Amino acid sequence: MALSNAQSLKKELEVFGFPCDDEIIDKMMEQCICRGLQATEMADEWVAYSNTKNISNLTLDTLEQFEHEVLLKKNKSKLNSRRDDTYNRPLDINSIQTLINEEIEEETLLDSYSTPAKGSQKRALSTPEHPQPKRSVALLSSPNLLLSPTSFSPGATPSQKYSQRGGKGEVVATFGAVQGTRWVGRKDPGAGVQVELLGPPEESLRCSYKFMFQRLRDVRNVLTEKIEDLGQILKSHFTIEEFSSASLPAQDSITVLGQICCDSNGKLNPQSVVLEAEVEHGGQQVPVDLSELKEYSLFPGQVVVMEGLNATGRKFVASKLYEGVPLPFHTPDVTLEADEEPLNVLVACGPYTPSDSLNFDPLLDLISVIVRDRPDVCLLLGPFVDSKHEKIEKAQVTETFETIFLRCIDSIVDGTKSVGCHLVFVPSQRDIHHNFIYPQPPFTLPNLSKDQVQRVTLVSDPCSLLIDGVTVGLTSTDILFHMGAEEISCGTSSDRFSRILKHILTQRSYYPLYPPAEELNMDYEKFQRFGQMSFTPDVLIVPSELRYFVKDVVGCVCLNPGRLTKGQVGGTFGRLLIRRGAASGDGQRASPCLAAQVVKI
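Please read these numbers as outputs of a predicted model, since none were measured by experiment.

Peer 1: Tell me about the packing of helix α9 (residues 361–373) against helix α11 (residues 401–415), residues and numbers included.
Peer 2: Their axes nearest at 10 Å, the elements α9 and α11 cross at an angle of 20°. The orientation of α9 with respect to α11, classified from their angle, is roughly parallel. The element α9 and its partner α11 pack so that their crossing is right-handed. Side by side, α9 and α11 meet where Leu363, Ile367 and Val371 of the first sit next to Cys408, Ser411, Ile412 and Gly415 of the second. For the contact of α9 with α11, the class distribution of residues is 5 nonpolar, 2 polar and no charged.

Peer 1: Run through the pattern of salt bridges, naming residues and quoting values.
Peer 2: Scanning all chains against the criterion turns up 17 salt bridges. The closest approach of N and O atoms between Asp365 and Arg165, which form a salt bridge, is 3.2 Å. One end of the pair, Asp365, is in helix α9; the other, Arg165, is in the loop between α7 (160–163) and β1 (171–176), and 200 residues separate them in sequence. Owing to a relative accessible area of 27%, Asp365 belongs among the partly exposed residues under this scheme. Where salt bridges share partners, they join Asp386, Arg430, Glu545, Arg563 and Lys566 into one cluster.

Peer 1: Please set out the state of the cysteines residue by residue, giving values where relevant.
Peer 2: All chains considered together, the criterion is met by 0 disulfides. No disulfide involves Cys262; its sulfur sits 8.7 Å from that of Cys261, the nearest cysteine. The thiol of Cys378 is not disulfide-bonded; the next cysteine sulfur, from Cys421, is found 3.8 Å away. Among the residues examined, Cys378 registers a relative accessible area of 0% and is labelled buried.

Peer 1: Summarise the side chain of Gln507; cite the residues concerned and give the values.
Peer 2: Looking at the element boundaries, Gln507 is found in the loop between α14 (496–506) and α15 (524–530). Among the polar contacts made by the side chain of Gln507, one reaches the main-chain amide nitrogen of Val303 at a distance of 3.1 Å. Non-local contacts of Gln507, meaning those with residues more than four positions away in its chain, are made with Leu230, Phe299, Gly301, Gln302, Val303 and Pro512.

Peer 1: Got a sec to walk through the sheet that holds strand β8 (residues 316–322)? Specific residues and values, please.
Peer 2: Spatial strand order, β3-β4-β5-β8-β7: 5 strands in a closed barrel with mixed pairing. Here the strands of the sheet are splayed against their neighbours by 55° on average, with no regard to which way each runs. Across the sheet, helix α8 (residues 216–237) is in contact with β3 (250–262), β4 (273–277) and β7 (303–310); its angle to β3 comes to roughly 135°.

Peer 1: For a negative patch on the surface, give the residues involved together with the corresponding values.
Peer 2: Among the surface-exposed residues, Asp21, Glu23, Asp26 and Glu30 lie close enough to one another that they form a single negatively charged patch. Mapped onto the elements, Glu23 comes out in helix α2 (residues 22–35).

Peer 1: Just give me the short version of α11, but keep the residues and values in it.
Peer 2: In a regular helix each residue adds 1.5 Å, so 15 residues correspond to 21 Å; α11 covers 21 Å between its end C-alpha atoms and thus fits that length. Where α11 is concerned, the buried positions are Ile404, Phe405, Arg407, Cys408, Ile409, Ser411, Ile412 and Val413.

Peer 1: Provide a residue-level description of the side chain of Asp461, including the pertinent values.
Peer 2: Secondary-structure assignment places Asp461 in the loop between β12 (456–458) and β13 (463–467). No salt bridge is formed by the buried Asp461, whose closest oppositely charged neighbour, Arg563, lies at an N-O distance of 9.6 Å. A distance of 2.9 Å separates polar atoms of two side chains, one belonging to Asp461 and the other to Thr477. If we ignore the near neighbours within four places in the chain, the residues touching Asp461 are Val426, Pro427, Gln429, Tyr438, Pro439, Gln440, Leu474, Thr475, Ser476 and Thr477.

Peer 1: Tell me what's going on with the environment of Gly382, and back it up with residues and numbers.
Peer 2: Relative to the assigned elements, Gly382 resides in the loop between β10 (377–381) and α10 (390–393). For the pair Gly382 and Ser428, spaced 46 residues apart in the sequence, the C-alpha separation amounts to 4.7 Å.

Peer 1: Please give an account of the packing of aromatic side chains that cites residues and values.
Peer 2: Scanning all chains against the criterion turns up 16 aromatic pairs. Plain terms: the ring middles of Phe405 and Phe443 are 4.6 Å apart, the flat faces sit at 45° to each other, and that makes the pair tilted. Of this pair, Phe405 sits in helix α11 while Phe443 sits in the loop between β11 (422–426) and α12 (450–454), and the two are 38 residues apart along the sequence. Both residues of the pair, Phe405 and Phe443, count as buried. Chaining the aromatic ring pairs together yields one cluster made of Tyr352, Phe384, Phe405, Phe425 and Phe443. The ring of Phe549 carries the charged tip of Lys551 above its face, separated from the ring centre by 5.9 Å.

Peer 1: Outline the pairing of β3, listing residues and values.
Peer 2: Burial of β3 is extensive: 10 of the 13 residues sit out of reach of the surface. Inspection of the sheet shows β3 paired to β7 by 7 bridges, in the antiparallel sense. What sits directly across from Gly258, in β7, is Val304.

Peer 1: Help me get a handle on the sheet that holds β11, residues and values and all.
Peer 2: In any sheet, the strands associate via hydrogen bonds between backbone groups, in a parallel or an antiparallel arrangement. Taken in spatial order, the 7 strands of this open sheet run β1-β22-β21-β9-β10-β11-β12, and their pairing is mixed. Two strands lie at the open edges of the sheet, namely β1 and β12, each paired on one side alone. Averaged over all pairs of adjacent strands, the angle between strand axes in this sheet comes to 15°, irrespective of strand direction. Each of β9 (343–349), β10 and β21 (572–578) is contacted by α9, which is oriented at about 180° to β9, the strand it contacts most. Across the face of the sheet, α11 comes into contact with β10, β11 and β12 while running at roughly 160° to β11.

Peer 1: How would you summarise unusual backbone geometry if you had to cite specific residues and measurements?
Peer 2: Here the bond from Gly382 into Pro383 is cis, since omega is 10°, no more than 30 degrees from zero. Looking at the element boundaries, Pro383 is found in the loop between β10 and α10. With an omega dihedral of 0°, the bond running from Tyr514 to Pro515 counts as a cis peptide bond. Non-glycine residue Arg374 carries a positive phi angle of around 55°. Along the polypeptide, Arg374 turns up in the loop between α9 and β10. Backbone geometry at Arg508 places phi at a positive 60°, although glycine is not the residue there. Considering the arrangement of structural elements, one finds Arg508 in the loop between α14 and α15.

Peer 1: Tell me what's going on with the pairing of β4, and back it up with residues and numbers.
Peer 2: For β4, the tally of buried residues reaches 5 of 5 residues, placing the bulk of the element in the interior. Residues Val273, Leu275 and Ala277 point to one face of β4 and Val274 and Glu276 to the other, with burial holding for every one of them. Relative to β4, β3 runs antiparallel, the two sharing 5 bridges. For Cys261, the partnering residue across the bridge sits in β4 and is Val274. The pairing of β4 with strand β5 (residues 285–289) spans 3 bridges and is antiparallel. Looking at β5, one finds that Leu275 is bridged to Val286.

Rules used throughout
Residues numbered from 1 in each chain as written. Predicted model: local features only at pLDDT ≥ 70, side-chain atom pairs only at ≥ 80, totals over all residues. Heavy atoms only, no water. Axes fitted to C-alpha atoms, helices over the stretch in contact; angles between N-to-C directions. Helix = DSSP H or I, 4+ residues; strand = E, 2+ residues; numbered from the N terminus. Parallel < 35°, antiparallel > 145°, perpendicular 65-115°, else oblique. Left-handed = near helix turned anticlockwise from the far one by under 90°. Contact = heavy atoms within 4.5 Å. Nonpolar A, V, L, I, M, F, W, Y, C, P; charged D, E, K, R; others polar. Salt bridge = Lys/Arg side-chain N within 4 Å of Asp/Glu carboxyl O. Buried < 20%, exposed > 50% of the residue type's maximum accessible area, 1.4 Å probe, protein only. Disulfide = S-S within 2.5 Å. Polar contact = N/O pair within 3.5 Å; in protein donor to acceptor, adjacent residues only side chain to side chain. Pairing = 2+ DSSP bridges. Patch = residues over 30% accessible without salt bridge, like charges linked within 9 Å, V, L, I, M, F, W, Y side chains within 5 Å. Areas by Shrake-Rupley, 256 points an atom, 1.4 Å probe, with all protein chains shown as cover. Lys, Arg positive; Asp, Glu negative; His and termini not counted. Charge placed at Lys NZ, Arg CZ, Asp CG, Glu CD. Expected span 1.5 Å × (residues − 1). Phe/Tyr/Trp six-rings, centres within 6.5 Å; stacked < 30°, edge-to-face > 60°. Lys NZ or Arg CZ within 6 Å of the ring centre and 35° of its normal.

So, in structure tokens, the structure goes:
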């Protein structure tokens, strides 16, 4: 919009009956240039003002009065509205810095025109004797700035409940010989530590894939193969001659193979148990009577072998339930050296922020623990940018989820550089920036330098790792919570966690539940390839919303490290001392997990 000129302004005033000389026109031109007004706007303002005040002549005195009463007020309201718009719109770190710089300039300009009070000054200038104000210094680059909550949400403040938490560093669960154990890494953490995916490359998910293309027929084929494979293993282990059809009437005791289902869409209970037979025997569903079983533990999707009667063909009365058989343990190719030190492995699971703030203080505290204890390997499971965080659910962030995630990863990698530990990142279904499909492909971090790539491993969910000859199975999906909500049991002496973990190991799958929880998107063809166990792991890591624990289940040390934050307060993390196994004195296998702890952050 072009500024007005003297000729157009003079013509506009003459139209309304206000002839004036060149001096007045020059004065009004100054105001037009200063206020950014056009000739018509300036003429309209003067006509409105003259009518209100009953002024008939345009002189220098009336023009000065017009300037103070109209033009100055108009300019001030325009500035205020512009400032309100600036403060009301979503701000990022750059716009916040710009606002602070503008305020500093305005106040410095005012100070230069005023006499400061004795012994005080409204704002000191930036000199060696008087450094910059704290607000501007706080925005300078620092290790914690990448995770400053103001970078992601303008109104973010640190969580008071987290900062006021008690029991920092308290050990809440232990396993093995923890007396006198030093929870520190080797002298040179990460040096010579081999972290690799277990098995050949074709058995590991290493990149993203297309999903949402599976057909019901493909799902059916995967489930059928699972029933047949586990059936053959149980048949040979218990020397069963043959399986019979559960749906045909039989007066004698028969042995049947099938998958546990529920007769409706509700939760499984003892009266709603249905056995879905294998395809070879018709694939039909038969109700199961569990009243004669003294002990059982069942869940939907479990492949079982039962013995019992079906006199009428309408209901199978079970009298015996065969237990599942776990896989053998992996035998490392490298033998144990006599003086080999154990590895210190730290395990933490997100979210890494309190639920009421996007402040990453819990993650910064974890980095401090890593720098202090110097572990050899850090297993860090998502979510890193939690889709269930209230700030994210309400869209109260001003940066992309991918940007927040990359800042988080950069802070971890840079913050542990002095330690040199090996970092393993595992995605989560709750990572909002990542594909939430199961199995879940690993993260992609294209900006890592060559030095960083050597000590960072990106894996899928789930996966099996080989860490210096010790097999570690892990999944960030809360299978304990999902199976715990569906499992039914009677007469068992073990606790619920041990039962569920034994099911996972004997079903030889990281997610044996079918149908899966509603929040989980399963790709069954990929799950058949990448979600099964090839060995029983020496250590199984299963983080959950449920209470933390460390347990030995059929020779496998199972760890639930809890989550680093629980709502608005601090949570827990885990740590392990492992060393490749050696046979004990009687020739039996010795667990490579020497000790384990769950510790409050």
